[in-house]
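What follows is the residue order along each chain.
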Amino acid sequence: MSNQQPAVTFEEIRALVRNLPGPDLEAGTAALQRERQLTKPAGSLGRLEEIAQWMATWQGQHPAEVRRPRVAVFAGNHGVAARGVSAFPAEVTVQMVANFQNGGAAVNQLCEVADADLRVYELDLENPTADFTQGPAMGEEECCRTMAYGMMAVEMGVQLLALGEMGIANSTSAAAMCLAMFGGEAADWTGRGTGIDDAGLARKIAAVEAGVAANPQAKDDPFEALRCLGGYEFAAIAGAILAARVARVPVLLDGFACTAAAAVLYKADRRALDHCMVAHRSVEPGHARLMQAIGKEPLLDLGMRLGEGSGAALAINIVKSAVACHAGMATFADAGVATQG
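Each value, and the rule that gives it
- Residues numbered from 1 in each chain as written.
- Predicted model: local features only at pLDDT ≥ 70, side-chain atom pairs only at ≥ 80, totals over all residues.
- Heavy atoms only, no water.
- Helix = DSSP H or I, 4+ residues; strand = E, 2+ residues; numbered from the N terminus.
- Contact = heavy atoms within 4.5 Å.
- Axes fitted to C-alpha atoms, helices over the stretch in contact; angles between N-to-C directions.
- Parallel < 35°, antiparallel > 145°, perpendicular 65-115°, else oblique.
- Left-handed = near helix turned anticlockwise from the far one by under 90°.
- Nonpolar A, V, L, I, M, F, W, Y, C, P; charged D, E, K, R; others polar.
- Pairing = 2+ DSSP bridges.
- Salt bridge = Lys/Arg side-chain N within 4 Å of Asp/Glu carboxyl O.
- Buried < 20%, exposed > 50% of the residue type's maximum accessible area, 1.4 Å probe, protein only.
- Polar contact = N/O pair within 3.5 Å; in protein donor to acceptor, adjacent residues only side chain to side chain.
- Expected span 1.5 Å × (residues − 1).
- Arc of directions from axis to C-beta.
- 1 Å grid on protein atoms, 1.4 Å probe; cavity = no way out; pocket = protein on both sides within 12 Å on 5 of 7 lines; lining within 4 Å.
- Points joined across faces, edges and corners; volume = space filled by probe spheres on them.

Caption draft 1: Structural detail: the environment of Arg68. Checked against the element boundaries, Arg68 lands in the loop between α3 (47–59) and β1 (69–75). With 90 residues separating them in the primary sequence, Arg68 and Val158 have C-alpha atoms 5.4 Å apart. Not counting residues up to four positions away in its chain, the partners in contact with Arg68 are Met156, Gly157, Val158, Gln159 and Leu160.

Caption draft 2: Representation of the packing of helix α1 (residues 10–18) against helix α10 (residues 222–229) within the structure. The geometry of α1 relative to α10 is characterised by a closest axis approach of 11 Å and an angle of 130° between their N-to-C directions. Between α1 and α10, the angle is such that the two are oblique. α10 is crossed by α1, and the crossing has right-handed handedness. Here Phe10, Ile13, Arg14 and Val17 of α1 come into contact with α10, specifically with Phe223, Glu224 and Arg227. For the contact of α1 with α10, the residue count by class is 4 nonpolar, no polar and 3 charged.

Caption draft 3: Quick look at the sheet that holds strand β4 (residues 251–253). In spatial order, the strands read β2-β1-β3-β4-β5; together these 5 strands make up an open sheet with parallel pairing. Every interior strand has two partners, whereas the edge strands, β2 (117–122) and β5 (276–278), have only one. Neighbouring strand axes in the sheet, compared pairwise and without regard to direction, differ in orientation by 25° on average. As judged from the 7 bridges shared by β1 and strand β3 (residues 160–166), these two strands associate in the parallel manner. Residue pairing for β3: Val71 is matched across the bridge by Ala162. In the packing of α3 onto the sheet, contacts are made with β3, β4 and β5, and the angle to β5 comes to roughly 150°.

Caption draft 4: Looking closely at the pattern of salt bridges. All chains considered together, the criterion is met by 18 salt bridges. Between Arg67 and Glu65 there is a salt bridge, and its shortest N-O distance comes to 2.7 Å. What makes Glu65 partly exposed here is its relative accessible area of 30%. Among the ionic pairs, Glu155 bridges to Arg70, the shortest N-O distance being 3.4 Å. Taken together, the positions of Glu155 in the loop between α6 (140–151) and β3 and Arg70 in strand β1 put the pair 85 residues apart, joining distant regions of the chain. Note on Glu155: relative accessible area 36%, which makes it partly exposed. A residue is classified by how much of its surface remains accessible, and Arg70, at 3% relative accessible area, is buried. Connected via shared salt-bridge partners are Glu11, Arg14, Arg18 and Asp221.

Caption draft 5: Local environment of the side chain of His326. As for its position among the elements, His326 is in helix α14 (residues 310–328). A distance of 2.8 Å separates polar atoms of two side chains, one belonging to His326 and the other to His62. In this structure His326 touches Ala31, Arg34, Glu35, Leu38, Ala52 and His62, once residues within four positions along its chain are discounted.

Caption draft 6: Helix α9 (residues 198–214), seen in detail. Look at α9: 24 Å from first C-alpha to last across 17 residues, which is about the 24 Å you get at 1.5 Å a residue. Along α9, the residues classified as buried are Gly200, Leu201, Lys204, Ile205, Ala207, Val208, Gly211 and Val212. All buried residues of α9 project into a common sector of 155° when viewed along the axis, lining one side. Of the exposed residues in α9, the ones pointing more than 90 degrees away from its buried face are Asp198 and Ala213. The inward-facing, buried residues of α9 abut α7 (170–182), α8 (186–189) and α10. If you check the start of α9, you find a side-chain oxygen 3.3 Å away from the backbone N of Ala199, and it comes from Asp197.

Caption draft 7: Inspection of empty space enclosed by the protein at higher detail. Enumeration according to the criterion identifies 1 cavity of 30 Å³ or more in this entry. Here the largest cavity defines a volume of roughly 30 Å³. Forming the boundary of the largest cavity are Glu35, Leu38, Leu45, Leu48, Glu49, Ala52, Ala322, Cys325, His326 and Met329. Within the lining of the largest cavity, the residues separate by chemical class into 7 nonpolar, 1 polar and 2 charged.

Set out below in C-alpha cells:
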C-alpha cells in the first residue's frame, strides 16, 4: 500500500455517504417490464429475476452486462493475532497472498471458471494494526488513507465487483465491530474462524469483549468502530464499496469479515448497501446474525467459511446466469407463445 494516498478525513467520508447516487429507476423499470414478457410463468426464475433487475438498476443501464467482473481481495494483518485468537500465525497472511499470486488458492480457480479478473491488494503486511484490546487499531488518518486506497479497486470498465479479504485474526475484528455496532454479547458474534479449539474460542471471546471495552467510542460511531476494532482490509473494502456506488458498479460481498466492513456503511446510512448483495452465508455464527441486522439474504448457502473472496467469486456465475436469461430469453411475442388468458 502506497503512503502517497490523498489525505481524507472521516468528515469527508461521511459527506460522501450522504451524497451517494440513488437507483436508476428508469433502467430498473425497463428490466421489470421485460421480465413480465419473457417466455415463462411469472416469478418462475425466483431470485434470478430479482438479480437481473438489481443489476440494471445499479448499473444504470438495461439490459445489464457482466462481461468484465472483477474480484478484489484485500489482505491485512492484525495486532490482536498475538493473543492466540486464530489457529494459524500471522505469517500465514503473507504466505496466502503469495499463493494467490501463484494461482494456487481456491479463489484463483473460481475466478478462472467465472472468467473474472482477480486483483490482490497487500496492505502493509509487515506492519499489523495495533492490538485493539489495548486501544484503537488504527489512527483516523491511516484508516481514511486505506479507505481511499480501496477506492482504487474500482477502475473504469468494471461491471461487477466481488469483494473478499485475507487476514489472520480478522474474524475477531469482525466480531468486535459487530458487537460495538449492533450490541448483544461477544459470544453471539464470535465463532471458531480458522478452526480454533475451545481454549482458543475462549481467548477470542475475551479479546472481543476487551476490545469493545477498551474503545467505547466504537459504540457511538460506525467509522470509529472501523478505526478502533477493524483492520486495513476492512477499511479498504468499505472504500471500494463507496467507490463502486459512485461508479454504478454492483457489488457482491463475501463472508463475515467482508460483510462486517460493509455494515459500517449501513450504520452510517441504511441505503448505502442497496447496490450490494451478500454472495453466501458463512458458517461463522455471526454472519447470519449480521445479515439479519442489515436486511440481506445471501445468494448461496454452501457451508463455506474460507474467506479470500471465494463465495463472492462463486456467485459471479449466478449473476451472469440471471443477466443472460433476462437478456437472451424470447418474449411471448417473439416466440409466438400464448400468454395466460
